[in-house]
Amino acid sequence: MEMKGFKNISLSRLGMGNMRLPLRDDLEGKPIDRQKAQEIIDYAMSHGINYYDTAYVYNGGDSEKFLGEAMKKYPRDSYYLATKFNIGANPDYKAVFEQQLERLGTDHFDFYLVHAVMDHNCQKYEESGCIEYFKELKARGKIRYLGFSNHSSPNTLRHFRDLYDWDFIQLQLNYYDWQYGSAKEDYEICTEKGIPVVVMEPVRGGRLADLTPEANGLLKTAHPDWSVASWAFRWVKSLPNVQVVLSGMSNMEQIEDNVKTFDKEEAMSEKDKETLFKAAEMFRNQMQVPCTKCRYCCDDCPAKIDIPSILMKYNNYKLNGDWVIQDLKTTDKPAPKDCVGCKKCMGHCPQSINVPEIMKELADKLA
């Protein structure tokens, strides 16, 4: 396992995320499958992973409880524990911290994070007093390293970064968002202050583990022995200011492949990076419909559907998953199910987008 120094300790480059642990489909509420999850944890420990990340809200709190149970068999100084305070779940940060200590069966946290800083909650965190309290806990040894996880705009990230001398910042960082999102700017905001980055969503919730057939083929031709997912991990860990790369591993196949990827330090060549960015471009072009929001399609639509907004949501759904379109089930506005398939829109579309086909795909998905 690749290791990298952090302050006065050494961390595995691959960290175990505990948000996507295997679940019991046969039981109400789908609780964590303790047996399968324990096997993953044991494999991680036996292969040198020493960073374990969870949060107060994961699995309704069951992630913290499970991890506390799973790690009892290991000496407390053989791993590093990270968890998070989420103000939206429970604003009583003092009570939450004590509850987390109990859930995880520990007297301190190695890494503690203000969870999911966003544009709309940044001020709440800032004014709540939680940061000052966590600083006190750090001085008392209850927290070793204090950081936050970011889901905000670059301006908010920069503002929150400057509130305190953070030990680390957790970012959504992957090669796709580097090209088409704000990941590059976010990374630079952390790096310019010398704050190490812990990476979340390196495979974008699994979406970058399987691109399109053509993009997958390009990567497989370049390195037949690399999985598509491993390309994402290899790229992220090549960034100099990346400390730990988290992966929410749900089965043994995933952790075995990831451990293989992080087994030894292996530089990604510039040619490999060019190939990966080309695959990302192919993926984006093949996944998205090229709507320019000209709205020529709207006037003659008998169902009065706001077609461009639905097409933007379709692109988002293709990249991010089913949750993006769930609001279409309850909207009081014309939705994909209202499309009558008349194809009048296609007669006006400069991009020749098959709108009825997309509307049917969405309607079937939401049925």
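The structure under discussion appears in the preceding block.
Residues numbered from 1 in each chain as written. Predicted model: local features only at pLDDT ≥ 70, side-chain atom pairs only at ≥ 80, totals over all residues. Heavy atoms only, no water.

Trainee: Lay out the overall build of the chain in plain terms, naming residues and giving numbers.
Mentor: Per the secondary structure count, the chain includes 15 helices and 10 strands. Here the chain has a C-alpha radius of gyration of 22 Å; the compact-globule value for 367 residues is 21 Å, and the two agree. Taken along its principal axes, the extent of the C-alpha atoms in the chain is 70 × 50 × 50 Å. Within the chain, buried positions represent 51% of all 367 residues. Taking the intrachain contacts of the chain between residues at least 6 apart in sequence as the baseline, contacts between residues at least 24 apart amount to 74%. Approximately 17200 Å² of the chain is accessible, and the part contributed by carbon and sulfur atoms is 47%. The distance from the centre of the 48 positive side-chain charges to the centre of the 54 negative ones in the chain is 2 Å. (Helix = DSSP H or I, 4+ residues; strand = E, 2+ residues; numbered from the N terminus. Rg over C-alpha atoms; globule rule 2.2 N^0.38 Å. Buried < 20%, exposed > 50% of the residue type's maximum accessible area, 1.4 Å probe, protein only. Contact = heavy atoms within 4.5 Å. Areas by Shrake-Rupley, 256 points an atom, 1.4 Å probe, with all protein chains shown as cover. Lys, Arg positive; Asp, Glu negative; His and termini not counted. Charge placed at Lys NZ, Arg CZ, Asp CG, Glu CD.)

Trainee: Provide a residue-level description of the packing of aromatic side chains, including the pertinent values.
Mentor: Scanning the entire structure with this criterion turns up 29 aromatic pairs. Relative to Phe 134, the ring of Phe 85 lies with its centre 5.7 Å away and its plane at 70°, an arrangement referred to as edge-to-face. In this pair, Phe 85 sits in strand β5 (residues 80-85) while Phe 134 sits in helix α5 (residues 130-139), placing the two residues 49 residues apart along the sequence. For Phe 85, a relative accessible area of 0% corresponds to the buried category. Owing to a relative accessible area of 0%, Phe 134 belongs among the buried residues under this scheme. Seen in terms of ring centroids, Phe 233 and Phe 262 are 5.8 Å apart; in terms of plane orientation they differ by 70°. Their pairing is edge-to-face. Residue Phe 233 is located in helix α10 (residues 228-237), and its partner Phe 262 is located in the loop between α11 (252-261) and α12 (270-287); the two are separated by 29 residues in the primary sequence. Here Phe 233 matches Phe 262 in class, with each residue buried. Among the aromatic residues, those joined into a ring-pair cluster are Phe 85, Tyr 93, Phe 97, Phe 109, Tyr 112, Tyr 125, Tyr 133, Phe 134, Phe 148, Phe 160, Tyr 164 and Trp 166. (Phe/Tyr/Trp six-rings, centres within 6.5 Å; stacked < 30°, edge-to-face > 60°.)

Trainee: Please give an account of helix α9 (residues 213-222) that cites residues and values.
Mentor: Of the residues making up α9, those classed as buried are Ala 215, Asn 216 and Leu 219. Considered in projection along α9, the buried side chains sweep an arc of 100° and stay on one side of the axis. In α9, the exposed positions that point more than 90 degrees away from the buried face belong to Pro 213 and Thr 221. Taken together, the buried residues of α9 touch α10 and α12. (Arc of directions from axis to C-beta.)

Trainee: Report on the pattern of salt bridges, specifying residues and quantitative values.
Mentor: What the rule picks out here adds up to 29 salt bridges. Residue Arg 34 is joined to Glu 69 by a salt bridge in which the shortest nitrogen-to-oxygen separation is 3.2 Å. With a gap of 35 residues between them, Arg 34 in helix α1 (residues 34-46) and Glu 69 in helix α2 (residues 62-70) connect regions that are remote in the sequence. What makes Arg 34 partly exposed here is its relative accessible area of 28%. Of the residues examined, Glu 69 reaches a relative accessible area of 39% and is grouped as partly exposed. Where Glu 270 meets Lys 273, a salt bridge forms, and the shortest distance between an N and an O atom there is 3.4 Å. Taken together, the residues Glu 270 and Lys 273, both in helix α12 and three residues apart, mark about one turn of the helix. (Salt bridge = Lys/Arg side-chain N within 4 Å of Asp/Glu carboxyl O.)

Trainee: I'd like a description of the state of the cysteines, backed by residues and values.
Mentor: This model, assessed by the stated rule, comprises zero disulfides. We note that Cys 291 lacks a disulfide partner, and the nearest cysteine sulfur, in Cys 297, lies 6.4 Å from it. The class of Cys 291 is buried, set by a relative accessible area of 19%. Not engaged in a disulfide, the cysteine Cys 339 finds its nearest cysteine sulfur in Cys 345; these two sulfurs lie 6.4 Å apart. Residue classification places Cys 339 among the partly exposed residues on the basis of a relative accessible area of 28%. (Disulfide = S-S within 2.5 Å.)

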